[in-house]
Amino acid sequence: MDTLEAIKRRRSIRAFRPDPVEERDLRAILEAARWAPSAGNCQPLELVVVKDPKVKEKLMDAAFGQPFVGEAPVAVVVCANIERTASRYGRRGEELYCIQDTAAATQNILLAATSLGYGSCWVGAFDERRVARVIGTPPHVRPVAIVPIGKSAEKPERTPKRPLEEIVHEDRY
Ligand SMILES: Cc1cc2nc3c(=O)[nH]c(=O)nc-3n(C[C@H](O)[C@H](O)[C@H](O)COP(=O)(O)O)c2cc1C
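The structure presented is a predicted model; accordingly, all values stated were derived computationally and were not measured.

About the criteria used
Each chain carries its own residue numbering, running from 1 in the direction its sequence is written. Since the coordinates come from a predicted model, pLDDT governs what is reported: local features require at least 70, and pairs of side-chain atoms require 80 or more to be given and counted, while whole-chain, interface and lining totals use all residues. Excluded from the side-chain calculation are hydrogens and water; included are all heavy atoms of the structure. Helix and strand assignments follow DSSP, with helices taken as H or I runs no shorter than four residues and strands as E runs no shorter than two, numbered in order from the N terminus. Only C-alpha atoms enter the radius of gyration; for comparison, a globular chain is expected to reach 2.2 Å times N to the power 0.38, where N is the number of residues. Here, residues are in contact when the closest pair of their heavy atoms is within 4.5 Å. Working definition of accessibility: Shrake-Rupley area with a 1.4 Å probe, residue cover restricted to the visible protein chains. Think of it this way: one heavy atom of a residue within 4 Å of a molecule or strand is enough to make that residue near it. Two N or O atoms count as a polar contact when they lie within 3.5 Å, although within protein this holds only if one can serve as hydrogen donor and the other as acceptor, and sequence-adjacent residues are included solely when both atoms are side-chain atoms. The buried label goes to any residue with under 20% of its type's maximum accessible area, the exposed label to any with over 50%, and the partly exposed label to all in between, with areas taken from a 1.4 Å probe on protein chains only. This arc describes the spread of directions from the helix axis toward the C-beta atoms. Patches draw on residues past 30% relative accessible area with no salt bridge. Two like charges within 9 Å are joined, as are two nonpolar side chains (Val, Leu, Ile, Met, Phe, Trp, Tyr) within 5 Å. The term salt bridge refers to a pairing of a side-chain nitrogen on Lys or Arg with a carboxyl oxygen on Asp or Glu at a separation within 4 Å. Working definition: rings of Phe, Tyr and Trp (its six-membered ring) pair if their centres are within 6.5 Å, and the pair is stacked with planes under 30 degrees apart, edge-to-face with planes over 60 apart, and tilted otherwise. By the criterion adopted, a ring carries a charge over it if an Arg CZ or a Lys NZ lies within 6 Å of its centre and within 35 degrees of its normal. Axes, fitted as lines to C-alpha atoms, cover a helix only where it is in contact. Angles between the N-to-C directions of the axes lie from 0 to 180 degrees. Each angle is binned into one of four classes, with values under 35 degrees roughly parallel, values over 145 roughly antiparallel, values of 65 to 115 roughly perpendicular, and all other values oblique. Strand pairing requires that DSSP identify at least two bridges connecting the strands.

### Comments concerning the overall build of the protein
When helices and strands are tallied, the protein shows 7 helices and 4 strands. Starting at the N terminus and ending at the C terminus, the protein contains elements arranged as α-α-β-α-α-β-α-β-α-β-α. The C-alpha atoms of the protein give a radius of gyration of 17 Å, which matches the 16 Å a tight globule of 173 residues would have. Overall, the C-alpha framework of the protein stretches about 45 × 45 × 30 Å when taken along its three principal axes. Long-range pairs, those at least 24 residues apart, make up 79% of the contacts in the protein with a sequence separation of at least 6. As displayed, the protein offers around 10,600 Å² of accessible surface, 50% of which is attributable to carbon and sulfur atoms.

### Some points on the site of the ligand
Near the ligand there are 13 residues, and of these Arg10, Ser12, Arg14, Gln66 and Lys161 occur at the shortest range. At a separation of 2.8 Å, an oxygen atom of the ligand approaches a polar side-chain atom of Arg10. Backbone polar atom of Trp122 to a nitrogen atom of the ligand: 2.9 Å apart, as the coordinates give it. Look at the ligand: alone it shows 620 Å² of surface, and the protein chains cover 63% of it.

### Some thoughts on the side chain of Ser38
As for its placement among the helices and strands, Ser38 is situated in the loop between helix 2 (23-34) and strand 1 (45-50). Contacts of Ser38, omitting those with residues within four sequence positions, involve Gln43, Pro44 and Asp101.

### Observations regarding helix 6 (residues 128-135)
For helix 6, the set of buried residues is Val131, Ala132 and Ile135. Relative to the axis of helix 6, the buried residues are bounded by an arc of 100° and lie together on one face. Across helix 6 from its buried face, at more than 90 degrees, point the exposed residues Arg129 and Arg133. Looking at the buried side of helix 6, the elements it contacts are strand 1, helix 3 (53-62), strand 2 (74-81) and strand 4 (141-150). Two or three places before Arg129, at the opening of helix 6, Asp127 has a side-chain oxygen 3.1 Å from that residue's backbone nitrogen. Remark: Gly136 follows helix 6 within two positions and exhibits a positive phi of approximately 70°.

### Thoughts on a nonpolar patch on the surface
Taken together, the side chains of Leu164, Ile167 and Val168 define a hydrophobic patch exposed on the protein surface, amounting to about 270 Å² of accessible area. With respect to the helices, strands and loops of the structure, Ile167 is situated in helix 7 (residues 164-167).

### Thoughts on the packing of aromatic side chains
Summed over the entire model, instances satisfying the criterion amount to 1 aromatic pair. The aromatic ring of Tyr118 is capped on one face by Lys151, whose charged end is 4.3 Å from the ring centroid.

### Examining the packing of helix 3 against helix 6
Contact geometry for helix 3 and helix 6: axes closest at 9 Å, N-to-C directions at 170°. Relative to helix 6, the element helix 3 lies roughly antiparallel. Contacts from Val55, Lys58, Leu59, Asp61 and Ala62 of helix 3 reach helix 6 at Arg130, Val131, Val134 and Ile135.

### Quick notes on the sheet that holds strand 1
Read from one edge to the other, the open sheet built from 4 strands follows the order 1-2-4-3, with strand pairing classed as antiparallel. Taken across any chain shown, the strands that pair with only one partner, and hence form the sheet edges, are strand 1 and strand 3 (119-120). Note that strand 1 and strand 2 share 6 bridges and pair antiparallel. Looking across to strand 2, one finds that Val50 is bridged to Ala75. Sheet strands in contact with helix 5 (residues 82-115) are strand 1, strand 2, strand 3 and strand 4, and its direction is about 160° off that of strand 2. Strands strand 1, strand 2 and strand 4 of the sheet are contacted by helix 6, whose axis makes an angle of about 75° with strand 4.

Function cannot be inferred from these measures alone, as they are strictly geometric.
Right under this line is the structure:
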């Protein structure tokens, strides 16, 4: 599947079959995250791969009970190692760049999962402190997204997107 096809085919998937994610595929998905751009190539990305059902259940609770977080065979917690970016770029690094860097990595995960035939969803609604406690991150490592990944058990319609004409501004806003 080429990149543009993966971009257009990707949907947020919120129902998963119990089949495992092949190790080779999981590695390819995590590799895709690793190759994302980052400000000054500071690479603040840290990935916590959760497969243990008990840990996934705690993540689900921390994500306000969104059931598919616990149901997916794998949940990847995408984290920003703030120190790596802040040491070079100060406050802008801490508040903006390391979040943008991890967002770019998250999108790579979604697209790689799509191109390998897996469903996934970007989950941002969670109690950050609870997630940090569950996965044991130190204070300078901030959980930014949870991405459940697995074989899809649903085929959602494409979600409406604003037309390009409404989004694109020529020369000035
Ligand atoms: C930053 C961010 C946070 C999100 N958090 C959640 C979430 O907590 N739960 C959820 O079900 N979907 C979440 N989503 C997925 C969006 O709801 C979804 O992308 C949107 O409805 C468009 O659908 P699509 O992804 O199928 O195009 C999140 C997406 C983003 C980018």
